[in-house]
Amino acid sequence: MNETVSRTRKIRDLILKGLVWLSAAIICLLLAGMLCFILIKGLGHISWKFLSSKTSLLNGTVGILPNLLSTLYIIIMTLIVVLPLGVGSAVYLNEYAKNKKAVRLIELATETLAGIPSIIYGLVGMLIFVQFCSFGTSLKAGAFTLVIMTLPTMIRTTQESLKTVPDSYREGSLGLGAGKWYMIRTAVLPSAIDGIVTGCILSVGRIVGESAALLFTAGMANEILSPSQAVSNGGAGSTLTVSMYMYAKERGDFDTAFAIAAILLILSLLLNIAAKVTAKLFQRGDKK
Amino acid sequence: MNLSERQVQFLLQSKTIPAVKIQQKPPRTDPLADIFEKFAHIIFGICGFIAVVSVAMITVFLLVSGVPAIKEIGLAEFLFGTKWLPTADTPRYGIMPFILTSLYGTFGAILIGVPIGILCAVFLTKIAGKRIGGIVSAAVSLMAGIPSVVYGLVGMIVIVPTVREIFGLPDGANLFSAILVLAVMILPSVISVSETALRAVPKEYEEASLALGATKTETIFKVTIPASKSGILAAVVLGVGRAIGEAMAVMMVSGNVANMPKIFGSVRFLTTAVASEMSYSSGLQRKALFSIALVLFIFIMAINLVLNFVVKRDKK
């Protein structure tokens with residue numbers, strides 16, 4: 001066969017193949033470069049004191065405990081709201097809805113939500129939750145904004161795994177005389193747990209990485225909040241990403257910024273691994 | 001064993017009676033349970049439409065807060081005015097610089113990011129072995145998870161000074177740096193969507209091409225890629241959406257001055273225009289920021305429509 005391939009074709013083949021390899025190499029080098037750069041510049045500044053205190057201009061010390069706590073509060077608050085809403089919405093789409101137009105409308109809305117940039121979420125969150133609902137600039141307003149933002153992820157992943165639950169489960173359950181809600185609760189949802197867990201992990205990833213939507217909703221404060229303050233109106237706090245932005249852009253404190261960036265990278269690495277492990281874990285469960 | 005007629009009847013009855021009972025009366029005779037079922041149905045229905053309600057709310061709130069300023073300034077002056085001077089004695093609210101910057105920035109990012117992304121998708125689907133492919137696809141999914149402010153920080157510390165030195169500029173925070181950062185940021189979504197598109201091409205196409213004497217590379221570039229062009233188009237449109245909506249990373253590397261776009265000039269995007277003045281603005285300036293957000297929202301909706309159209313056509 002090689003005899004029929006002319007020289008020019010061979011050369012062109014080689015060039016194209018080289019380009020393909022080159023682009024894959026670019027991706028890997030970019031990522032490896034970024035990882036090394038940030039970890040080398042950042043890890044050195046992470047100490048126990050850095051993680052467990054708050055920034056004090058008086059003592060000239062920098063600490064990110066308030067930001068760690070704010071991030072945690074926002075994750076918990078968002079998940080508590082978005083989990084039932086997202087799962088409920090997916091259940092409705094997959095189990096209850098019979099009107100095709102309604103399903104199409106909901107799916108269209110979900111796709112639209114997924115495409116809206118986070119800065120617009122931030123602005124609308126400010127209008128709706130900070131001003132209209134008068135939560136003030138607070139973690140609560142930020143969390144509600146993120147609920148709308150993570151809703152598409154939650155709905156889509158849950159729906160995907162609901163689709164893979166065999167119909168025989170539903171028929172068996174209904175045939176035994178269970179009501180629809182009883183069937184969903186005992187037979188359908190437990191089999192779709194993998195999608196729900198994946199949805200949660202992906203949502204946490206988005207929440208940890210989000211900054212533009214939180215800048216005007218959750219605020220830029222660096223105070224340690226108690227849980228009750230965190231859910232109150234006006235309990236403002238900046239998450240890791242927002243505080244990193246403030247340290248880098250407003251204060252020019254790049255050491256701190258890189259330290260936070262290193263923490264963010266490690267977090268996203270862990271979440272990435274967690275998502276992969278869940279997928280594998282449940283795949284194995286299916287094979288049994 | 002002989003059974004009398006009565007015995008047979010009795011046996012039959014004892015077998016059929018329970019079955020008949022189930023058909024006539026479900027075992028759940030509890031009226032509470034029925035109410036509960038209806039209640040669950042309603043609750044799930046409400047959950048189902050929450051996405052629709054959210055989209056409607058976002059649209060309404062943006063319209064209500066964005067339209068007044070446009071009315072006050074005048075649509076033509078707002079969209080096509082080339083000067084943004086909200087704090088001058090005679091304030092000017094023209095957002096043409098932002099619109100053009102967003103368009104140029106997006107176009108540049110697509111120009112750099114899409115070819116690399118498609119080639120990388122080709123590598124993942126057609127060329128890489130299981131191990132190398134696994135490493136590259138892990139890298140891609142990790143890249144997708146990195147927060148945008150981290151990209152911005154690296155851009156600020158690495159790309160901005162490099163651009164300054166290479167091109168001998170007074171400041172490296174400009175449109176070009178922003179394009180580079182955006183190009184990297186759209187890579188993961190471009191790669192994953194084109195990967196799906198490339199995998200969906202039927203094997204027969206490639207086999208036919210190979211059988212006709214084309215080399216493997218020729219087959220990929222002349223058969224597989226053209227066959228998956230609408231999927232790849234969807235990847236490009238998605239990349240456009242990502243690039244036009246990115247705010248934080250761009251804010252950190254673009255210089256953030258409201259100039260008409262020049263490749264090595266400090267510029268401001270639609271997104272960064274909103275983000276940078278929101279915290280201190282008031283009055284008409286603040287209202288105008290919402291109008292900018294409205295314009296951005298309309299852009300995104302248009303992109304979504306195109307994306308929907310492309311994906312739908314692909315399904316048919």
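It should be emphasised that the depicted structure is a prediction, and the values quoted were computed from it without experimental measurement. (Residues numbered from 1 in each chain as written. Chains lettered and ligands numbered in written order. Predicted model: local features only at pLDDT ≥ 70, side-chain atom pairs only at ≥ 80, totals over all residues. Heavy atoms only, no water.)

Caption draft 1: Focus on the overall build of chain B. On a plain count of helices and strands, chain B comes out with 14 helices and two strands. The buried share of chain B, taken over its 316 residues, is 51%. Long-range pairs, those at least 24 residues apart, make up 70% of the contacts in chain B between residues at least 6 apart in sequence. Accessible surface computed for chain B: about 15,800 Å², of which carbon and sulfur atoms make up 67%. (Helix = DSSP H or I, 4+ residues; strand = E, 2+ residues; numbered from the N terminus. Buried < 20%, exposed > 50% of the residue type's maximum accessible area, 1.4 Å probe, protein only. Contact = heavy atoms within 4.5 Å. Areas by Shrake-Rupley, 256 points an atom, 1.4 Å probe, with all protein chains shown as cover.)

Caption draft 2: Molecular detail of the overall build of chain A. What chain A contains, in helices and strands, is 13 helices and two strands. On the principal axes, the C-alpha backbone points of chain A span a range of 70 × 70 × 35 Å. Sequence separation of 24 or more characterises 75% of the internal contacts of chain A that already satisfy a separation of 6 or more. Just so you have it, chain A exposes about 13,400 Å², and 66% of that area is on carbon and sulfur atoms.

Caption draft 3: Molecular detail of the packing of helix H5 (residues 96–127) of chain B against helix H10 (residues 216–227) of chain B. All names here are of chain B. Axis separation between H5 and H10 bottoms out at 12 Å; the angle between their running directions is 115°. Judged by the twist between their axes, the crossing of H5 over H10 is right-handed. The segment H5 lies against H10, with Ile118, Leu119, Val122, Lys126 and Ile127 engaging Lys216, Ile220, Phe221, Thr224 and Ile225. Taken together, the residues of the contact of H5 with H10 break down into seven nonpolar, one polar and two charged. (Axes fitted to C-alpha atoms, helices over the stretch in contact; angles between N-to-C directions. Left-handed = near helix turned anticlockwise from the far one by under 90°. Nonpolar A, V, L, I, M, F, W, Y, C, P; charged D, E, K, R; others polar.)

Caption draft 4: Structural view of the interface of chain A and chain B. Listed as interface residues are 80 residues of chain A and, on the opposing side, 77 residues of chain B. Summed over both partners, the interface of chain A with chain B comes to about 7,000 Å²; 81% of that surface belongs to carbon and sulfur atoms. Taken together, the connections running from chain A to chain B amount to two salt bridges. In this structure, Glu218(B) engages Arg9(A) in a salt bridge whose closest nitrogen and oxygen atoms are separated by 2.7 Å. At the junction of chain A with chain B, the criterion picks out 11 residue pairs in polar contact (both at pLDDT 80 or more). Among the elements that line the side of chain A that touches chain B, the one with the most residues is helix H1 (residues 7–43) of chain A, at 20 residues. Considering only residue class, the side of chain A that touches chain B consists of 56 nonpolar, 14 polar and 10 charged. (Buried area = accessible area lost by both parts, 1.4 Å probe. Salt bridge = Lys/Arg side-chain N within 4 Å of Asp/Glu carboxyl O. Polar contact = N/O pair within 3.5 Å; in protein donor to acceptor, adjacent residues only side chain to side chain.)

Caption draft 5: Examining H1(A) more closely. The end-to-end C-alpha distance of H1(A), which contains 37 residues, comes to 52 Å, matching closely the 54 Å that a straight helix rising 1.5 Å per residue would cover. For H1(A), the set of buried residues is Asp13(A), Val20(A), Ser23(A), Ala24(A), Ile27(A), Leu31(A), Met34(A), Ile38(A) and Gly42(A). (Expected span 1.5 Å × (residues − 1).)

Caption draft 6: Representation of the confidence of the model for chain B in the model. This prediction gives chain B a mean pLDDT of 86; 90% of its residues lie at or above 70. Overall, residues 16–25 of chain B carries pLDDT values under 50, and its contacts beyond four positions in sequence, including any with other chains, amount to one contact. (pLDDT = per-residue confidence, 0-100.)

Caption draft 7: Layout of the domain arrangement of chain B. All names here are of chain B. As far as domains go, chain B holds domain 1 (5–72) and domain 2 (74–315). Computed from C-alpha atoms alone, the centre-to-centre distance between domain 1 and domain 2 is 43 Å. Counting each side, the surface lost to burial between domain 1 and domain 2 is near 1,000 Å², with a carbon and sulfur contribution of 75%. Seen at the junction of domain 1 and domain 2, the total is one salt bridge. Linking domain 1 with domain 2 are two residue pairs in polar contact (both at pLDDT 80 or more), by the criterion used here. Across the side of domain 1 that touches domain 2, the residue classes break down as seven nonpolar, three polar and two charged. (Domains from an automatic or database assignment.)

Caption draft 8: Molecular detail of helix H4 (residues 100–115) of chain A. The first and last C-alpha atoms of H4(A) sit 23 Å apart over 16 residues, in line with the 22 Å expected at 1.5 Å per residue. Every buried residue belonging to H4(A) is among Ala102(A), Val103(A), Ile106(A), Ala109(A), Thr110(A), Thr112(A) and Leu113(A), and all of these are buried.

Caption draft 9: Spatial organisation of the side chain of Gln159(A). Residues and elements named next belong to chain A. Within the secondary structure, Gln159 sits in helix H6 (residues 139–163). The class for Gln159 is buried, based on a relative accessible area of 8%. With residues up to four places along the chain from it excluded, the contact list for Gln159 reads Ala90, Leu93 and Glu107.

Caption draft 10: View of the pairing of strand E2 (residues 61–64) of chain A. All names here are of chain A. When strand E1 (residues 54–56) meets E2, the two strands line up antiparallel, connected through two bridges. Counterpart to Lys54 in the pairing with E2 is Ile64. Linking two consecutive strands that pair antiparallel, namely E1 and E2, is a turn of four residues; a positive phi of about 70° is found at Gly60 within it. (Pairing = 2+ DSSP bridges.)

Caption draft 11: Region of interest: the packing of aromatic side chains. Across all of its chains, the model carries 14 aromatic pairs over all chains by this definition. Aromatic side chains Phe132(A) and Phe61(B) sit 5.5 Å apart centroid to centroid with 80° between the ring planes, which places their arrangement in the edge-to-face category. Note that Phe132(A) is positioned in helix H5 (residues 118–132) and Phe61(B) in helix H3 (residues 50–73), a pairing that runs across two chains. The exposure class of Phe132(A) is exposed, given its relative accessible area of 64%. Overall, the relative accessible area of 18% leaves Phe61(B) in the buried class. Linked through ring pairs, Tyr96(A), Trp181(A) and Phe44(B) together constitute an aromatic cluster. When the ring centre of Tyr96(A) is taken as reference, the NZ or CZ atom of Lys180(A) above it lies at 5.0 Å. (Phe/Tyr/Trp six-rings, centres within 6.5 Å; stacked < 30°, edge-to-face > 60°. Lys NZ or Arg CZ within 6 Å of the ring centre and 35° of its normal.)

Caption draft 12: Local environment of the domain arrangement of chain A. All names here are of chain A. Segmentation of chain A into domains returns domain 1 (2–43) and domain 2 (50–287). For domain 1 versus domain 2, the distance between C-alpha centres works out to 35 Å. In this assembly, seven residues from domain 1 lie in contact with six residues from domain 2. A buried area of about 580 Å², summed over both sides, lies between domain 1 and domain 2, and 90% of it is on carbon and sulfur atoms. Of all residues in domain 1, Ile38, Lys41 and Gly42 bury the most surface against domain 2, accounting for 58% of the area lost on that side. On inspection of domain 1 and its partner domain 2, the count reaches zero salt bridges. The interface formed by domain 1 and domain 2 includes zero residue pairs in polar contact (both at pLDDT 80 or more). Split into classes, the residues belonging to the side of domain 1 that touches domain 2 amount to five nonpolar, one polar and one charged.

Caption draft 13: View of the packing of helix H3 (residues 65–96) of chain A against helix H2 (residues 31–48) of chain B. H2(B) packs onto H3(A) with a crossing angle of 110° between their chain directions and a minimal axis gap of 7 Å. Classified by the interaxial angle, the pair formed by H3(A) and H2(B) is roughly perpendicular. From H3(A), Pro84(A), Leu85(A), Gly88(A), Ser89(A), Val91(A), Tyr92(A) and Tyr96(A) reach across to H2(B), where they touch Ala40(B), His41(B), Phe44(B), Gly45(B), Cys47(B) and Gly48(B). Considered class by class, the residues forming the contact of H3(A) with H2(B) number eight nonpolar, five polar and no charged. (Parallel < 35°, antiparallel > 145°, perpendicular 65-115°, else oblique.)

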